[in-house]
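# Topology and contacts: notes
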Amino acid sequence: MTPATAGGSDAERESIEIDLLLEAVYRRYGFDFREYARASLRRRLQRRVALEGLRSVSGLQERLLHDPACMERLLLDLSINVTAMFRDPTFFRAFRSKVVPLLRTYPFIRIWSAGCSTGEETYSLAILLHEEGLYERTRIYATDINEAVLHQASQALFPLEKMQEYTENYLAGGGTRAFSEYYTAAYEGAQFDRSLADNIVFARHNLATDRSFNEFQVIICRNVMIYFDTPLQNRVHELFYESLLRLGVLALGPKESLAFTPHVDEYEVLDLHEKLYRKVK
Ligand SMILES: C[S@@+](CC[C@H](N)C(=O)[O-])C[C@H]1O[C@@H](n2cnc3c(N)ncnc32)[C@H](O)[C@@H]1O
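Predicted, not measured: the structure shown is a model, and the values here were computed from it.

Right, let's talk about the side chain of T143 for a bit. For T143, the location among the structural elements is in strand 2 (residues 138-144). Here T143 falls in the buried class, since its relative accessible area comes to 3%. What T143 contacts, discounting residues up to four positions off in sequence, is W112, S113, A114, G115, C116, L150, A203, H205 and F213.

This is how it looks when you write it as structure tokens:
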């Protein structure tokens, strides 16, 4: 056997071990990572194998099945929670100029912030809507697969050292006030005004397995589907299509797109660069 073939068979064995682990995790814990993009999944599992002092993916499966704490650690590895307030400021600028006028026409607004992570994106939206005089009549449903990040989000407490970056983002995103109006600097961090959370419902929801739970004028799901493989992305697009009201807006992340999905013809582009789409059919 040539080394190349031997390498290939190792990779194949590992690939089967990964399939088995994902199946086992799904059955034991209900977390479904079976349709996540493979290359990044493999890297994260290999990293977890090393951090646990194990030698193989099947060793990791064994530990996961008997140790829920290990599952929690893996969950944090697999649900990449990187986020920021007013992340991609030009997106928020476009949201203000192109989506807000549409929202003004509704007496009551429901927004789904899917894959909200620790809440920075959701609070950014709350601030923007507050400044536009729309927050009072809005309810934001902020969901994530990961309970730990949702708990953190509900605290509205963010690192103080991030405030300079977030202030710059806020202003670049069309913010019109002093960003520091929205938080109090304390020893533990920047505590955001609790009233910003008044109209936010944080709840666990798994985009891979859970169903639609309401109808929305806006669904914002940024930097989440990038981790999914194409069939799962298409299923989530189906879920979003079902969950959007006609003329509702879908907002995706910079590296995500509606192009090549089965629903592309049912939306019109509101802003191609900022990935804002409007359901028209
Ligand atoms: C990179 S963060 C994006 C946060 C925020 N939307 C942003 O753009 O800054 C991705 C989030 O998606 C969540 N996520 C991953 N898989 C998910 C799933 N199947 N259902 C719901 N949320 C999921 C992760 O837990 C993580 O918090």
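Now that the structure has been shown, the text picks up again.
Turning to the sheet that holds strand 4 (residues 183-186), a few remarks are in order. With respect to topology, three strands assemble into an open sheet ordered 3-5-4, the strand pairing being antiparallel. Only two strands of the sheet have a single partner each, and these edge strands are strand 3 (157-158) and strand 4. Pairing analysis gives two bridges linking strand 3 to strand 5 (residues 189-192), with the strands arranged antiparallel. Considered in strand 5, the bridge of F158 is made with A190.

Below, the discussion takes up the packing of aromatic side chains. Applying the stated criterion to the full structure yields 23 aromatic pairs. Taken together, the ring pairs in this structure connect F86, F91, F92, F95, Y123, F158, Y170, F179, Y182, Y183, F192 and F202 into an aromatic cluster. Taking NZ or CZ as reference, R222 lies 4.0 Å from the ring centre of F91, over its face. K279 extends its terminal NZ or CZ atom over the ring of Y241, reaching a point 4.1 Å from the ring centre.

Every buried residue belonging to helix 8 (residues 163-172) is among M163, Y166, N169 and Y170, and all of these are buried. The buried residues of helix 8 occupy an angular sector of 120 degrees when projected down its axis, which confines them to one face. In this structure, the buried side of helix 8 is in contact with helix 5 (89-103), helix 6 (120-131), strand 3, strand 4 and strand 5. Positive backbone phi, approximately 100 degrees, marks G174, located one or two places after helix 8.

Attention shifts here to the environment of F31. Here F31 lies in the loop between helix 1 (3-29) and helix 2 (38-51). Between the C-alpha atoms of F31 and N146, which are 115 residues apart in sequence, the distance is 9.8 Å.

On to the site of the ligand. In the vicinity of the ligand, 21 residues are found, and the nearest of them are Y36, T83, R87, D144 and N223. Side-chain polar atom of E121 to a nitrogen atom of the ligand: 3.1 Å apart, as the coordinates give it. Within the side chain of D144, an N or O atom sits 2.6 Å from an oxygen atom of the ligand. Protein contact buries 99% of the 600 Å² of open area that the ligand shows by itself. Residues belonging to the shell around the ligand are distributed by class as follows: eight nonpolar, nine polar and four charged.

It is worth spelling out the pattern of salt bridges at this point. For the structure shown, the criterion picks out 21 salt bridges. Between R48 and D77 there is a salt bridge, with the nearest N and O atoms lying 2.5 Å from each other. Remark: D77 occurs in helix 4 (residues 68-78) and R48 occurs in helix 2; sequence separation between them is 29 residues. Like R48, the residue D77 is buried in the burial classification. Close ionic contact of R177 with E181 constitutes a salt bridge, the shortest N to O distance being 4.0 Å. On the basis of relative accessible area, R177 is assigned to the partly exposed category, the value being 33%.

What counts and how
Residues numbered from 1 in each chain as written. Predicted model: local features only at pLDDT ≥ 70, side-chain atom pairs only at ≥ 80, totals over all residues. Heavy atoms only, no water. Helix = DSSP H or I, 4+ residues; strand = E, 2+ residues; numbered from the N terminus. Buried < 20%, exposed > 50% of the residue type's maximum accessible area, 1.4 Å probe, protein only. Contact = heavy atoms within 4.5 Å. Pairing = 2+ DSSP bridges. Phe/Tyr/Trp six-rings, centres within 6.5 Å; stacked < 30°, edge-to-face > 60°. Lys NZ or Arg CZ within 6 Å of the ring centre and 35° of its normal. Arc of directions from axis to C-beta. Near = heavy atom within 4 Å. Polar contact = N/O pair within 3.5 Å; in protein donor to acceptor, adjacent residues only side chain to side chain. Areas by Shrake-Rupley, 256 points an atom, 1.4 Å probe, with all protein chains shown as cover. Nonpolar A, V, L, I, M, F, W, Y, C, P; charged D, E, K, R; others polar. Salt bridge = Lys/Arg side-chain N within 4 Å of Asp/Glu carboxyl O.

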